[in-house]
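Take a look at the letters that make up each chain.
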Amino acid sequence: MPVLNHCKKVWTNFLSAGGFDMQALAGLKLVSASKGKILCELQVEKQHLNRLGGCHGGLLSTIVDIGGSLAIAAEDMHATGVSTDLNISFVSGAKIGDKLSIDSRCDKIGGTLAYTTVEIRVDDKIVALGRHTKYVRLAHKTNAESEPIQTSE
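Parameters and conventions
Residues numbered from 1 in each chain as written. Predicted model: local features only at pLDDT ≥ 70, side-chain atom pairs only at ≥ 80, totals over all residues. Heavy atoms only, no water. Core = buried A, V, L, I, M, F, W, Y, C linked by side-chain atoms within 4.5 Å. Buried < 20%, exposed > 50% of the residue type's maximum accessible area, 1.4 Å probe, protein only. Pairing = 2+ DSSP bridges. Helix = DSSP H or I, 4+ residues; strand = E, 2+ residues; numbered from the N terminus. Axes fitted to C-alpha atoms, helices over the stretch in contact; angles between N-to-C directions. Salt bridge = Lys/Arg side-chain N within 4 Å of Asp/Glu carboxyl O. Polar contact = N/O pair within 3.5 Å; in protein donor to acceptor, adjacent residues only side chain to side chain. Contact = heavy atoms within 4.5 Å. Expected span 1.5 Å × (residues − 1). UniProt positions renumbered as here; feature names shortened; annotations may be inferred. Phe/Tyr/Trp six-rings, centres within 6.5 Å; stacked < 30°, edge-to-face > 60°.

Core analysis: the biggest nonpolar cluster contains 31 residues, and Leu 28, Leu 70, Leu 100 and Ile 120 have the highest contact counts within it. With seven residues, the next largest nonpolar core counts Ile 72, Ala 114, Val 136 and Ala 139 among its residues.

Another point: the sheet that holds strand E2 (residues 37-43). Strands sit in the order E1-E2-E4-E5-E6-E3 across an open sheet of six strands; the sheet is antiparallel. Each edge of the open sheet carries a strand with a single partner, namely strand E1 (29-34) and strand E3 (82-90). The sheet shows a mean angle of 20° between the axes of neighbouring strands, taken without regard to direction. Relative to strand E4 (residues 99-109), E2 runs antiparallel, the two being bridged by seven bridges.

Evaluated as defined, the whole model comprises six salt bridges. Linking Asp 107 and Arg 131 is a salt bridge whose minimum nitrogen-to-oxygen distance equals 3.9 Å. You can see Asp 107 sitting in strand E4 and its partner Arg 131 sitting in strand E6 (residues 125-135), a full 24 residues away along the chain. In this structure Arg 131 comes out as partly exposed when scored by relative accessible area, which is 39%. Through salt bridges with shared partners, a single network forms among Arg 105, Asp 107 and Arg 131.

Among the secondary structure elements, Lys 134 is positioned in strand E6. Only 2.7 Å separates the side chain of Lys 134 from the side chain of Ser 69, close enough to count as a polar contact. One polar contact links the side chain of Lys 134 to the main-chain carbonyl oxygen of Thr 80, over a distance of 3.2 Å. Every residue in contact with Lys 134, bar those within four places of it in the chain, is listed here: Ser 69, Ile 72, Thr 80, Gly 81, Val 82, Ser 83, Thr 84, Thr 112, Leu 113 and Ala 114.

This part covers helix H1 (residues 3-16). Between its first and last C-alpha atoms H1 spans 20 Å; for 14 residues at 1.5 Å apiece the expected length is 20 Å, and the two agree. Among the residues of H1, Leu 4, His 6, Cys 7, Val 10, Trp 11, Phe 14 and Leu 15 are the ones counted as buried. Packing partners of the buried residues in H1 comprise helix H2 (20-25), E1, E2 and helix H3 (57-73). In the segment just after H1, Gly 18 is the residue with positive phi, at about 75°.

This part covers the UniProt feature "domain: Thioesterase" (unreviewed entry) in the protein. Here, the residues flagged by UniProt with the feature "domain: Thioesterase" (unreviewed entry) are residues 53-125. End-to-end, the C-alpha atoms of residues 53-125 are 18 Å apart, and along that stretch the chain is 23% helix and 42% strand.

On to the packing of aromatic side chains, then. Applying the stated rule across the entire model yields one aromatic pair. Ring plane angle 75° and centroid distance 6.1 Å describe the contact between Trp 11 and Phe 14, whose orientation is recorded as edge-to-face. Residue Trp 11 and its partner Phe 14 are located together in helix H1, separated by three residues, close to a single helical turn. The pair formed by Trp 11 and Phe 14 is uniform in burial state, with each residue classed as buried.

Encoded structure:
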């Protein structure tokens, strides 16, 4: 199954659970993917802004969380584990109407932990750099026991 289709199915499963992902990132577009890598886009809208009119740091942190998870999904994982560490550096701002380009990669996936890196840009300007570590031991077990996610092609 092509990597992008697999990641889209995992993302659809995330959204179908409702909750914060659906509220904050319903407009996230998955653009391209290859093994361990995914490129997404998100248009900054009014609900993404902080009180000063810039893109909220909480949104950017959520993007690092989801970007790391989708990079793990791009390693042919159906379950993507739970967060153990997430850090982010806010490099510059983004404003309403900007299109965020989110480049995520899985740097290493082991039996227990997966390490990911997420870069968020607007055009050539780096907005934020993040790292996300996830505990994946139980996710490996879930993946081994689960049926492959079906996609329509």
